[in-house]
Amino acid sequence: MIAFFVKRFFQAVVVMFVISLISFSIQDNLGDPLRELVGQAVSEEERQALRDEMGLNDPFLVQYVRFAKKAVQGDLGDSYFFKKPAFEVIMNKLPATLELVFGATVIIILFSVPVGVYSAINPQSWFSKTVMGLSIIGISIPVFLTAIGLIYLFAIELNWLPSYGRGETSTVMGWETGLLTVDGLQHLILPSCTLASIMLPLFIRLIRSEMMEVLQSEYVKFAWAKGISPRRIYFVHALKNTMLPVITVGGVQIGTMVAYTILTETVFQWPGMGFLFLEAVNRVDTPLIVAYLIVVGAIFVVTNTLVDLIYGLVNPTVKLAGK
Amino acid sequence: MPLLEVNNLDVCFGLRSGAVKALRDVSFTLERGERLGVVGESGAGKSVLGFSIINLLSRPGHISSGSVHFEGKDLASLAPGELRSIRGNRISMIFQDPMMTLNPVLTIGVQMIECLLAHRRMSKADAKRVALKKLQQVQIPSPEKRLDQYPHELSGGMRQRIVIAIGLLLDPDLIIADEPTTALDVTIQAEIMDLMLNLCEQNNVALILITHDLGVVSQVTQRMLVMYAGRIIEQGPTKEVINDAQHPYTQGLMNALPQMAIPGQKLNQIKGSMPPLQDIPKGCSFNPRCEYVMDICHQALPPFTRSGNCQVACHMMAESAQDKLQLKEV
């Protein structure tokens, strides 16, 4: 177990180094931060002096080393716009994004597993065929269109749910959460559904096809020959084997969902990291952009490690090194 | 009443290109404690026969007509719930490849205990005790340890022993073993076959042994069926069929044994191969490969003719039987 974590830690260091290098190197190409930083009245000489002072004229490697030295200590530079440490700005927005991803994940798990399993067991039923048809449509509709459709239907026409923002939040141990108030939960529904709409069809199809394959296997046939109940065959014998590849894909997809929040958060004015990132790009707030990319990279690394741990727990044929 | 009575069983696989008959008009009986061998080349319908007895054919296969009477109940038309109470309980199956038969993510203990709990009202602790006893019967070293192990931690031979132990859990009346030793290496094969023979004899369990191996059939079984292209073509006491095969196909099988070849020469083989099930010739399905083929073989299906204690489906037998009858009349 310890060996697994040590190995994982070194892998994470390498990954984070590459991410930081890439995200740092694109900041030069995003535009001139001084245009946003100072007004029109500042003369070109003063701008040049300011650039020198900020180190923007130094060679790339010198700038990167200076950045990396600070970054290792947790200092990713100050946001030009907020005039506060970029890391802190992002961390303030992180709970909103994570709760959105959490909401979407819950929806995906609640729907994809039963629907996928049912349509694998009864592939010929009209329900399975409808679901398969709808999932193709679901995959092909872009997120922003789903979002607008949902807002139109549930917020404007039916007036059941709020259309934007996070609603009422409360703070628990420094974590600003919308999960504990009715208003906050209502605000969460539409954005989570939108975010889930991208991954849900994918997961239903994945679970269905994996499950169908497992149901053809010899050990499932043997389970039938043992005379045990269909429920036990489907949910103990087959589902556990079905979930192995699904967990692997799911882990990667949770990371991807964090990235997808950019669109969802923008449409719903959700005060999370993705919305912040888009604003930062508009303002050429390079330290904030770099910080965002690094935080998202870290989230990827952490979720993948967790997924590998869970996989090791579910699959007895995988032993984590050194266990 | 025999333990198992199969009558005119037809099995169909409904495919898009049309229905394919995998079993045609199969009839045989099995007495309590009797050991029956089923032989034939690949695709002859041996495994389909095994699975159709417990009505566990993979889709799109299904029993299209005929009956399978087990202790008086017709398994071919039994409700799923009742069928389930017989599967694993009165009739158990042993599959071909022990590497694939056990669920990789469940421990041996779980896979044994669930089978007991599905058929008997007993506590988990009692079920565990029974499982342990059966593991001892199949001569697995340190059985206590095995219950907590996963299939991948055990060798092929050990896994097949565990599959046999699962088969014996509820003291069934009949075990259907579908090529139980094919996937194992030769030394383990003999051990497993010995074990199965002993266990069946001790517990008075009937056995249907589906195999390619005529040697095993002659050692283990009392009666045997020879199948070709979905039909039984010869059946009778194993000794008689093996020592004095009547059907040209069975004779071909016996001649193909390596023991029958002259050293340094090519092995004897039946020329040609079995016709695909969609395209079985008219008359006797063996006619394209038969050395003694006659006109009638292309026209009519050969009826079963008695020959000693055997039954043979061949026109030659039918003709000679008729000749004898005529001689008597004269």
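As a starting point, this report considers the structure included with it.

Reading the values: the criteria
- Residues numbered from 1 in each chain as written.
- Chains lettered and ligands numbered in written order.
- Predicted model: local features only at pLDDT ≥ 70, side-chain atom pairs only at ≥ 80, totals over all residues.
- Heavy atoms only, no water.
- Pairing = 2+ DSSP bridges.
- Helix = DSSP H or I, 4+ residues; strand = E, 2+ residues; numbered from the N terminus.
- Axes fitted to C-alpha atoms, helices over the stretch in contact; angles between N-to-C directions.
- Parallel < 35°, antiparallel > 145°, perpendicular 65-115°, else oblique.
- Left-handed = near helix turned anticlockwise from the far one by under 90°.
- Contact = heavy atoms within 4.5 Å.
- Nonpolar A, V, L, I, M, F, W, Y, C, P; charged D, E, K, R; others polar.
- Phe/Tyr/Trp six-rings, centres within 6.5 Å; stacked < 30°, edge-to-face > 60°.
- Buried < 20%, exposed > 50% of the residue type's maximum accessible area, 1.4 Å probe, protein only.
- Lys NZ or Arg CZ within 6 Å of the ring centre and 35° of its normal.
- Salt bridge = Lys/Arg side-chain N within 4 Å of Asp/Glu carboxyl O.

Residues and elements named next belong to chain B. The four strands lie next to each other as E2-E1-E4-E5, forming an open sheet whose pairing is antiparallel. Both edges of this open sheet fall to strand E2 (18-30) and strand E5 (73-74), since each of them pairs with a single strand only. Pairing geometry for strand E4 (residues 61-70) and E5, over two bridges, is antiparallel. In the sheet register, Phe70 faces E5, and the bridge partner there is Lys73.

Residue and element names in this part refer to chain B. Viewed as axis vectors pointing N to C, helix H7 (residues 156-168) and helix H8 (residues 186-203) meet at an angle of 15 degrees, and their least axial separation amounts to 11 Å. It follows that H7 is roughly parallel to H8 by the angle criterion. Pair H7 / H8 crosses with right-handed handedness. Along the contact surface, H7 presents Gly157, Gln160, Arg161, Ile164 and Leu168, while H8 presents Ile188, Glu191, Ile192, Leu195, Met196, Leu199 and Asn203. Taken together, the residues of the contact of H7 with H8 sort by class into seven nonpolar, three polar and two charged.

The next point concerns the packing of aromatic side chains. The tally for this structure, following the rule as stated, stands at 16 aromatic pairs over all chains. Seen from their ring centres, A:Trp126 and A:Phe127 are 6.3 Å apart, and the 85 degrees between their planes marks the pair as edge-to-face. Considering the side-chain rings of A:Phe277 and A:Tyr292, the 4.3 Å spacing of their centres and the 25 degrees angle between planes classify their relative orientation as stacked. Highlighted residues: A:Phe277 in helix H11 (residues 273-282) and A:Tyr292 in helix H12 (residues 286-314), separated in sequence by 15 residues. Residue class for A:Tyr292 comes out buried when judged on its relative accessible area of 4%. In textbook terms, an aromatic cluster arises when at least three aromatic residues are bridged by ring pairs, as seen for A:Phe17, A:Phe24, A:Tyr64 and A:Phe67. The ring of B:Phe51 is capped by A:Lys221, whose NZ or CZ atom sits 3.6 Å from the centre of that ring.

What follows is about the pattern of salt bridges. All names here are of chain B. Within the structure shown, the criterion is met by 14 salt bridges over all chains. Note that Glu201 is salt-bridged to Arg35, the shortest N-O span being 3.6 Å. Of this pair, Glu201 sits in helix H8 while Arg35 sits in strand E3 (residues 35-39), placing them 166 residues apart in sequence. Glu201 sits in the partly exposed class, given a relative accessible area of 46%. Classification of Arg35 as buried rests on a relative accessible area of 8%. One salt bridge connects Arg161 with Glu191, and the closest N-O pair in it is separated by 2.8 Å. Taken together, the positions of Arg161 in helix H7 and Glu191 in helix H8 put the pair 30 residues apart, joining distant regions of the chain. Sharing partners across several salt bridges, the network here consists of Arg32, Glu71, Arg90 and Asp173.

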